[in-house]
Each structure stands twice: as structure tokens, then as C-alpha cells.
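# A look at the structure
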Amino acid sequence: MSLIGWVLISLIGASALGGIALHRGEEINSLWFITAAICVYAIGYRLYAAWIAAKVLVLDETRATPAERLNNGRDFIPTNKWIVFGHHFAAIAGPGPLVGPTLAAQFGYLPGTLWILIGGVLGGAVQDMVTLFFSVRRNGRSLGQMARDELGPIGGSAALIGTLMIMIILIAVLGLVVVNAMKHSPWATSTVFATIPIAMFVGLYMRNIRPGRVLEGSLIGAALLLLAVVGGGWVDHNASLRGLFDHEGLTLAWFVIGYGFLAAIMPVWLLLAPRDYLSTFMKLGTIALLAIAILLLQPMIKMPAVTQFIDGSGPIFGGKLFPFVFITIACGAISGFHALISSGTTPKLLANERDIPLIGYGSMLLESFVALMAMIAASVLEPGVFFAINSPAGVVGKEAADAVAMISSWGFPVSVEQMQGLAREMGEATLFARTGGAPSLAVGMASIFGSAFGQGLLAMWYHFAIMFEAIFILTTLDAGTRVGRFMLQDMLGNVYKPLGQTSWYPSVILTSALVVAAWGYFLYIGVIDPNGGVNLLWPLFGISNQMLAAIALSVGTAIIIKSGKLKYAWVTGVPLAWLAVITTTASWQKLMSDDVRVGFLSAADAMAHKLASGTLPPEKAAVAPQLIFNLQLDAALTLFFVAVLWIVILDMLRMASRHLAGKPVLPLAEAPHEPSRLVEDWVRD
């Protein structure tokens, strides 16, 4: 009966995927997307993840994890698996699964949807689970340090330095997106700020006031979060309170920088774990509500399966379908940032190896589902509305009439009156040229929620969605900062041993300050960029994120081969080969393309020429030197990242060939086996 059931699920999933892929001409029902996703994820988790856990990794429930053996009450703490799941999901689920699919809808719904489903099951979830397992077996070591231990000094050092540099860019982009989402939005800002004391209270409640009462703490925290959301609306409509939370981007950037520092130095149980855990309620609740609304309404997908912009002429961002759909959608399919969480904070909290498939593979599938919801929310909008919101004024024109004329000429009709009416419904002055993906996603979500639960609340739904996105992102920023601190401590520990002690407070403060200062600089230049910063940093974010995933898969492949399991190396080797191709291709185009909308250097040269000839407007000429420098810096970083990637891959291949030839290589750095003393189904955190 079980076999018949899984065959039936497979047939339903194949039919739904076929319907999505082959449907042309008429609109398609969004229910096809939900059906395909549920079937694909169920098969991936129940069959593929279970096979990897049993045959490739060989999990051992009786083995003590680092959280148990190294328990210090600060970073290493055996924690309830559902809290770890919530923390891990909240940490990995940043802007990628929300913003990436929304932007990639420029190519149509089909390319992004297929990449989200296939990439998530065969690539992203595999990377997350494998990295988590190997880090648990190595005392919770960071990805960079594992590379050094397993590959050797050359590839390991390159991975260590490159991973930390990539990490800095990733956190800066996270900060930039959340600053842009909260800028001049008292509702979102006050709600996000309120989550910090709420998390600290819940952390104290579950650790000191009512130890181990996870359900009580969860219910109290969830209720306070909902109250914070409602309170944000009160703040937004109160003239005296509104001004306290209505800030420019630079002011919010300093708040975010300060928060990142505090999150990195505080005990994980006090702020990070409970805040991310509670944020998960809002994330999962909103996504579940969105899925229910889609099931009830079954809205039609209005975006074409494939648009004419696959040739690279798209208004939102430059670049052809290959490789840029795989770069634009990182989180949601496969994301290197996840490897940092899987080898950073999560291994230090995991109480039993049996929970690795749930937390590693399952969390990634959930994020992939979030990405699919984002794709649906963007695609149910009229294409003309979608492009009017996301197309920069420099492409379609600053005047509304010029913008609608340009967009309508592409075959996506839209009118000024239509956009003005939509802005009024959403409680906004205008929705033209609101680039970055977040506003159009919020409009799509608000439209679905409004149709299902009341059109009269569209403005509330829109601002709730904006706030939801901000919280989604900020939880990744705080965990990322902490992981960056662990990585830097691992590196400095090779120079001065006490600095490598993750709980030695002088090291904690020093490394946290260095990490925050580094990503704070890139956040600063993104905030002051007159073009919004996202266009400058997002391509670099996508490329570096996928390169980091390739580094993680290289380390995983190396360990599998050294463990005598060459026949299973394809599990990580196939997604590694794919990422190596797309990241190298994208890097080459970003460096060498003559198209100023694609190439960093060509864009810098074109701007420098205009500046020298005096053809730039005065306001843009004033910041042109900074923009030119930033473009050149992006190019240099791209070149550095691709060099690091290939050093790691080639060193992994060198190590593998030596091992297979019977020549000496570095021994496996796995910690000795110790039996676990935690026999309960769950442990008090």
C-alpha cells in the first residue's frame, strides 16, 4: 500500500509539472504549482533525503553531538529540535526566496519555477543536510575551517578567506534590503524593533522562569508578535508616535549595524534562538495563510510562461536567461549562505543526529516552498502592473505617462489610472518604479489576501507584507553576523590560539566588531547609492552566494571520497558541477560584457566617459566617482571570488586523485565517537 501511495504521488507530481511546463497561450491555475511542489517535496524528503541519511551519511542516534559534549551554556547548548528547526529556518530564509523569484518573473513563471523545485530538492537541501552533518561530526566547525582541515593549506586557506569575504557581501545585502523595506515605514520599523525585547523575554521565560516549557513560551511569544503587528498599525496612525519610527535609510542602517553587533555577542539563548524561533511563527503563519488563500481562490497566473526578455533585454535587470535566472534565484533553490548556518550556529544546538534530515533537508524544502509562493504572488499580478512597479525610472521614464506607454509597447498593457487606483488601495502615494522586488511581492500578497479575507483591508495587508519581508530578512542578518564571528575566530585561532575560543569574551567582542564593521561599510555605500544600492550589490550577492554553495559542495565531496564512498560522490558532485558552470559564466559576463547593464567594468567606463564629457546631470555627477569606484570594486570582488572557487575545486580534485591513487592525504578531521547520555525524546534548552 505504501508503494502504491508513493507511485500515485509521483504520477500526480509528474502530471502537475508537465502541466506547468507545457501550458502555453491561456492562463494557468496556480493550483498546479501547489500540487507539483507538495508532491516533489514529499518524494524528495521521504525517499531521497532518507536514502542519503542512511547510505551516504550513516546517521548515528547514539552518538553525542557537540552541543552535548561541549555544552557551555552560551554557544553549545542541546536544544529542542523544533526550536532548532525554527531557528535554522529563520536564519536561512532571508531575502532570496522572496526577492529573487519576484525579480526572476521578468523571464516568465516557468524558468524560475522549475529551478526552484528541481534545484531545491537535488541541490539546496542536499547541500544543507550534508554540511550540517559534517560540521556536527567536527565539533561544529565552520565551513572555511572544515575546508582547511580536509583539503589542506592551499584550498583550505582560499576557502576560509573567500568564505568570510563572501559572507560580508551577503550580510551587507541582507541589511540593505531590510533598510529599504523599513525606510519611512513606521509600521514595519516599530514592529521589527518590538521583536527584540519580545525575544529576550521569551528566552528568559523558557530558560529561567519556566524552564523547558516550550509550548507556553511559544504561545506567549506568538501572541506578543501578533500584538506587535497590531501595535505597528497603531504607531503608524498616531501622529506623536509615528515620528519616532519614521527614519531615513542611513539612520536605520546604523540601527541595523548596532543590532548585528549585539546579536553576535549576546548568549544565543537570550536573543538569537528565541527571536529566530518566534519569527518563524510569523513566517510560517504568513506562508501557510498565503497557501490557504491560493487554495481557496485558485487565482490564475497572468504572467506568460516565458517572456521576450529571456534574450537579456529585460527592464528590471540585464542578462540572458542563462545563467542569470540561476543567479537571481539563489535562496529557494540552492544558497551558499545556508552552508554557513549549517556549519555555524545550528551544529552547536543540535541534540541528536537523527534530527539532521528534518532540520537540514526539511528547512530547505520549506524555504523552497516560500520561493514558490513568492513566484505565484508576483505572477498573479497583471504583467503590466508587475513591470510598472519593478522597472526603474531610468528605463521606462520618470513620468507616469511615459512609463505606461513604454510598458504597453512591450505587449503588457497598463494605464496611469490603473496604477493610481492600485496605489490608493495599498495606502501608497505611488507604486511606479518601486524597484527591488519587495513592493511588487507585497502587492501580490495583499491582492491574494484581500480577495480571500476582505478587499477593504488591502492597505493593511500590503503593509503587513512589507513588515513580514523585513522580519524575514533581519533574522538572517543576525544569525549571519554570528556565523561570521565564528569564522573569523576560527581563522584568528590559527594565529593566536585564545582567539579561536568561541566563548572567550575578548575574542567575541573583537571579532564581532570586525565582522560588523566590514559588512557595515558595504551597507553604508549601498544606502548612499542614489540608485538604491540593490542594483549595485544584488548581482554580486547572487554570484557570490552560488560560489559559496559550490565551495560547500566541494568540501562535502572531498569528505565523501576520503570516507571511502566514491560511488556516492555524485550526490554532491553533480550540483557542484552545475554551480561551477553557471557561476563562472555569470562572472565572465559581469566582468567582460560590453552591455553597460550587465558588465561592471563597461558600466564604470561609460559613467567615467559621461563624467569627463560633462553630460551627467549635476546631482548624478556629484556621486559619480563613488558609483564608479563601487562598480570597479564589484568587478575586483567578482574576480577574487571566481579565483577562490576554482582554487578550492582544483585542490579538491587534487586531493581526490591522491586518495584514489593510494597516496597520503590529510586524515579525516572527524571527532572521536562518544556515546550520548541524552536519551529523552527532547531535551530542556
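Since the model is a prediction, treat every value here as computed from it, not as a measurement.

### Describing the overall build of the chain
Assigned secondary structure in the chain consists of 27 helices and two strands. Whereas a compact globule of 685 residues would reach a radius of gyration of roughly 26 Å, the chain reaches 24 Å, a difference of no more than 12%. Reported as C-alpha extents along the three principal axes, the dimensions of the chain are approximately 70 × 60 × 55 Å. For the chain, the proportion of its 685 residues judged to be buried stands at 60%. The long-range fraction of contacts in the chain, counting pairs at least 24 apart against all pairs at least 6 apart in sequence, stands at 83%. Of the roughly 24,600 Å² of accessible surface on the chain, 67% is carried by carbon and sulfur atoms. Counting 40 positive and 39 negative side-chain charges, the chain places the averaged centre of each group 9 Å from the other.

### Here we look at helix α19 (residues 400–409)
If you check which residues of α19 are buried, you get Ala403, Val404 and Ile407. Projected down its long axis, α19 carries its buried residues within an arc of 90°, all on one side. Close packing links the buried residues of α19 with α17 (383–390), α18 (393–396) and α20 (416–425). The positive-phi residue at the C-terminal boundary of α19 is Gly411, with phi of around 100°.

### Structural notes on the packing of aromatic side chains
Counting across every chain of the model gives 25 aromatic pairs. Arranged with centres 5.4 Å apart and planes meeting at 70°, the rings of Phe33 and Tyr109 form a pair that is edge-to-face. Of this pair, Phe33 sits in helix α2 (residues 31–57) while Tyr109 sits in helix α6 (residues 109–136); the two residues are 76 residues apart in sequence, bridging distant segments of the chain. Per residue, the accessibility class of Phe33 equals that of Tyr109, and both read buried. Note on Phe322 and Phe326: the rings are 6.1 Å apart at their centroids and 70° apart in plane angle, and the pair reads as edge-to-face. Here Phe322 pairs with Phe326, and both are found in helix α14 (residues 321–328), just four residues apart, close to one helical turn.

### Observations concerning the layout of surface pockets
Space inside the second largest pocket adds up to approximately 320 Å³. Taken together, 17 residues form the lining of the second largest pocket, with Lys302, Val380, Leu381, Glu382 and Ser447 sitting closest to its centre. Listed by contribution, the elements that provide at least two residues to the lining of the second largest pocket are α20 and α21 (438–453). In terms of residue count, the dominant contributor to the lining of the second largest pocket is α21 (four residues). The residue makeup of the lining of the second largest pocket, split by class, is ten nonpolar, four polar and three charged.

### Remarks on the environment of Trp519
Summarising the element assignment, Trp519 is placed in helix α23 (residues 505–528). In the structure, Trp519 is positioned 274 residues away from Phe245 in sequence and 24 Å away in space, judged by C-alpha atoms. In terms of polar contacts, Trp519 uses its side chain to reach the side chain of Thr481, at 3.4 Å.

### Re a nonpolar patch on the surface
On the surface, Leu250, Trp254, Tyr524 and Ile528 cluster together to form a nonpolar patch covering roughly 380 Å² of accessible area. Of all the secondary structure elements, the ones that give two or more residues to the nonpolar patch are α12 (249–265) and α23.

### So, the pattern of salt bridges
Within the structure shown, the criterion is met by eight salt bridges. Here Arg138 makes a salt bridge to Glu150, at a shortest N to O gap of 2.8 Å. Here the residue Arg138 occupies a position in the loop between α6 and α7 (143–151), and Glu150 occupies one in helix α7, the gap between them amounting to twelve residues. Just as Arg138 is buried, Glu150 falls in that class too. It is possible to trace a salt-bridge network through shared partners that takes in Arg63, Arg137, Glu353 and Glu670.

### A short note on the side chain of Gln145
Locating Gln145 in the fold gives a position in helix α7. Take Gln145: its relative accessible area is 3%, and that puts it in the buried class. Residues within four places of Gln145 in sequence aside, it is in contact with Leu160, Asp490 and Asn494.

### With respect to the confidence of the model for the chain
Here the chain averages 85 in pLDDT, and 93% of its residues register 70 or above. Note that residues 681–685 has pLDDT below 50 and, in this model, 18 contacts with residues that lie over four places away or in other chains.

### Notes on unusual backbone geometry
At the junction of Phe322 and Pro323, the peptide bond is cis and its omega measures out at 10° in the coordinates. The backbone of Asn139 shows a phi angle near 60°, a positive value even though the residue is not glycine. One non-glycine residue, Gln298, lies in the positive phi region at around 50°. You can see Gln298 is positioned in the loop between α13 (272–297) and β2 (300–301).

### Re the packing of α14 against helix α25 (residues 570–592)
Close contact between α14 and α25 brings their axes to 9 Å; oriented N to C, the two are set at 110°. Relative to α25, α14 is oriented roughly perpendicular. Contact with α14, carried on its side by Phe322, Pro323, Phe324, Phe326 and Ile327, involves Trp578, Val581, Ile582, Thr585, Ala586, Gln589 and Lys590 of α25 and no other residues of that element. Broken down by class, the residue content of the contact of α14 with α25 amounts to nine nonpolar, two polar and one charged.

### Things to note about the packing of helix α26 (residues 600–613) against helix α27 (residues 618–660)
Packing of α26 against α27 leaves a shortest axis separation of 9 Å and a crossing angle of 160°. Taken together, the axes of α26 and α27 are roughly antiparallel relative to one another. Crossing hand, α26 versus α27: left-handed. Residues Phe600, Leu601, Ala603, Ala604, Met607, Ala608 and Leu611 of α26 touch α27, and the partners they reach there are Lys620, Ala621, Ala624, Pro625, Leu627, Ile628, Leu631, Gln632, Asp634, Ala635 and Thr638. When its residues are assigned to classes, the contact of α26 with α27 shows 14 nonpolar, two polar and two charged.

### A short note on the environment of Leu553
Among the structural elements, Leu553 can be located in helix α24 (residues 534–562). Remark: the alpha-carbon pair of Leu553 and Val571, spanning 18 residues in sequence, is separated by 9.4 Å. Apart from residues lying up to four places away in sequence, Leu553 is in contact with Gln127, Ile334, Thr572, Pro575, Leu576 and Leu579.

### Thoughts on helix α5 (residues 96–104)
Extensive coverage of α5 is indicated by the burial of nine of its nine residues. For α5, the full list of buried residues reads Gly96, Pro97, Leu98, Val99, Gly100, Pro101, Thr102, Leu103 and Ala104.

### Let's talk about the side chain of Ser554
Structurally, Ser554 can be placed in helix α24. Not counting chain neighbours up to four residues away, the residues in contact with Ser554 comprise Leu576, Val648, Ile649 and Met652.

Conventions and cut-offs
Residues numbered from 1 in each chain as written. Predicted model: local features only at pLDDT ≥ 70, side-chain atom pairs only at ≥ 80, totals over all residues. Heavy atoms only, no water. Helix = DSSP H or I, 4+ residues; strand = E, 2+ residues; numbered from the N terminus. Rg over C-alpha atoms; globule rule 2.2 N^0.38 Å. Buried < 20%, exposed > 50% of the residue type's maximum accessible area, 1.4 Å probe, protein only. Contact = heavy atoms within 4.5 Å. Areas by Shrake-Rupley, 256 points an atom, 1.4 Å probe, with all protein chains shown as cover. Lys, Arg positive; Asp, Glu negative; His and termini not counted. Charge placed at Lys NZ, Arg CZ, Asp CG, Glu CD. Arc of directions from axis to C-beta. Phe/Tyr/Trp six-rings, centres within 6.5 Å; stacked < 30°, edge-to-face > 60°. 1 Å grid on protein atoms, 1.4 Å probe; cavity = no way out; pocket = protein on both sides within 12 Å on 5 of 7 lines; lining within 4 Å. Points joined across faces, edges and corners; volume = space filled by probe spheres on them. Nonpolar A, V, L, I, M, F, W, Y, C, P; charged D, E, K, R; others polar. Polar contact = N/O pair within 3.5 Å; in protein donor to acceptor, adjacent residues only side chain to side chain. Patch = residues over 30% accessible without salt bridge, like charges linked within 9 Å, V, L, I, M, F, W, Y side chains within 5 Å. Salt bridge = Lys/Arg side-chain N within 4 Å of Asp/Glu carboxyl O. pLDDT = per-residue confidence, 0-100. Axes fitted to C-alpha atoms, helices over the stretch in contact; angles between N-to-C directions. Parallel < 35°, antiparallel > 145°, perpendicular 65-115°, else oblique. Left-handed = near helix turned anticlockwise from the far one by under 90°.

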